[in-house]
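Letter by letter, the chains look like this.
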Amino acid sequence: MVSMKDISVACGVSVATVSKALNDHRDIGAKTKERIRQTAKEMGYFPNSAAQALKTNRTYNIGVLFVDEAMSGLTHDYFSYVLDSFKRTAEEHGYDITFINCSKNGKNRMSYLEHAKHRGFDGVVIACIDFHDPEVVELIHSDLPVVTIDHLFNNRIAVVSDNVNGMRQLFTYIYKKGHRKIAYIHGADSSVTQNRLSSFYKTAKELGVEIPDEYVREAAYRDTKEAYKKTMELLDLPNPPTCILYPDDFASFGGINAIQARGLRIPDDISVAGYDGIRVARHIEPKLTTLRQDTELLGHEAAKNLINLIEEPKSTLIQVITIGGEVLEGHSVRDLNKK
């Protein structure tokens, strides 16, 4: 195995100089640093991660705590893109990522915090989980650097989608298309749901649109069967809506199936809109109108801020980073202004 001493002999410099060059210290000249790194690469040198951790007090490994209520894992269209962006940004900064074991089974199972400490994570990102779980709260209150995605905690950095403005944009778009009978099948209770639902009602009030209680129903995120059922209930109303909003694009597929099962056409007979902007929704017919969330920027900002917190804890601001979205116009919302 090649050591730093071997590299120092080959380059004619001290072991200390080799160490500084490989660890990107500023007191080593650029040419010398490049020569040492190139020599190390040619000799097949790989730093010992355990030894490096002892010296730097870092493992360059970040924990990811992620599990959604439907247990869809990395098949979750929205969060898979967020986490992919997070992973790429972390790797660009020299960090690996490891998923924290979320299984509640097992005789010798460790808590989330115990697992994070056992693995020696430098920090943890938390997304799409029951944030009221005592184990999550324990992790949040620990001394580990933590960043949350789409949920707020006091004294923790959070990267969130602008759900309030996103719903306002989507509702306003539908309103401008002439719709006044607008229904909303929202997701299960969470801070994301609360923000979207409040914005739905607030925007309706500002635009002078009355929302009957029977127009607002609940279905879990990504639950096509429940969305199907709630859509049928809305269609059975004596005065059904002209447009239905869904909690997410995936759930909207269940609603679309219900509408088609009734022999109705989208958007001629009834309009629908989703939320998230997942790619598959752009390839169905009719193309789904939806609010696209910027998954690329969400993941990037979560990784960047967590790494800043790990490497520069004293100068990193504890803040909420809000990421905006945009309405993607499809063909699923009819323009009622046109006769």
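Calculation rules
Residues numbered from 1 in each chain as written. Predicted model: local features only at pLDDT ≥ 70, side-chain atom pairs only at ≥ 80, totals over all residues. Heavy atoms only, no water. Helix = DSSP H or I, 4+ residues; strand = E, 2+ residues; numbered from the N terminus. Contact = heavy atoms within 4.5 Å. Core = buried A, V, L, I, M, F, W, Y, C linked by side-chain atoms within 4.5 Å. Buried < 20%, exposed > 50% of the residue type's maximum accessible area, 1.4 Å probe, protein only. Expected span 1.5 Å × (residues − 1). Pairing = 2+ DSSP bridges. Axes fitted to C-alpha atoms, helices over the stretch in contact; angles between N-to-C directions.

## Some thoughts on the environment of Glu 218
Right, on to step 1. Position of Glu 218 relative to the elements: it lies in strand E7 (residues 216-218).
Right, on to step 2. Counting along the chain gives 31 residues from Glu 218 to Gly 187, while the straight-line C-alpha distance between them is 5.8 Å.
Right, on to step 3. Residues contacting Glu 218, with those up to four places away along its chain left out, are Ile 185, His 186, Gly 187, Ala 188, Asp 189, Glu 226 and Lys 230.

## Remarks on the nonpolar core
Right, on to step 1. The biggest cluster of nonpolar side chains holds 39 residues, and the ones touching the most others in it are Ile 174, Phe 200, Ile 211 and Leu 245.
Right, on to step 2. Top element by residues in this core is helix H8 (residues 163-176). It accounts for five residues.
Right, on to step 3. Counting residues in hydrophobic clusters, the runner-up holds 26 residues, among them Leu 83, Ala 90, Ile 157 and Ile 323.

## Brief notes about helix H9 (residues 191-207)
Right, on to step 1. In this model, H9 (17 residues) spans 24 Å end to end at C-alpha, consistent with the 24 Å of a helix rising 1.5 Å per residue.
Right, on to step 2. Packed against the buried residues of H9 are H8, strand E6 (182-186), E7, strand E8 (243-245) and strand E10 (290-293).
Right, on to step 3. Once H9 ends, the next one or two residues include Gly 208, with phi positive near 75 degrees.

## Examining the sheet that holds E7
Right, on to step 1. The strand order across the open sheet formed by four strands is E7-E6-E8-E9, and the pairing between neighbours is parallel. With partners counted over all chains shown, the strands left at the sheet margins are E7 and strand E9 (271-273), one partner each. This sheet shows a mean twist of 20 degrees between the axes of neighbouring strands, independent of strand direction.
Right, on to step 2. Here E6 pairs with E7 via three bridges, running parallel. Paired with His 186 across the two strands is Glu 218, which belongs to E7.
Right, on to step 3. Packing of H8 onto the sheet brings it into contact with E6, E8 and E9, and relative to E8 it is tilted by some 170 degrees.
Right, on to step 4. Here H9 sits on the sheet in contact with E6, E7 and E8, set at roughly 170 degrees to E6.

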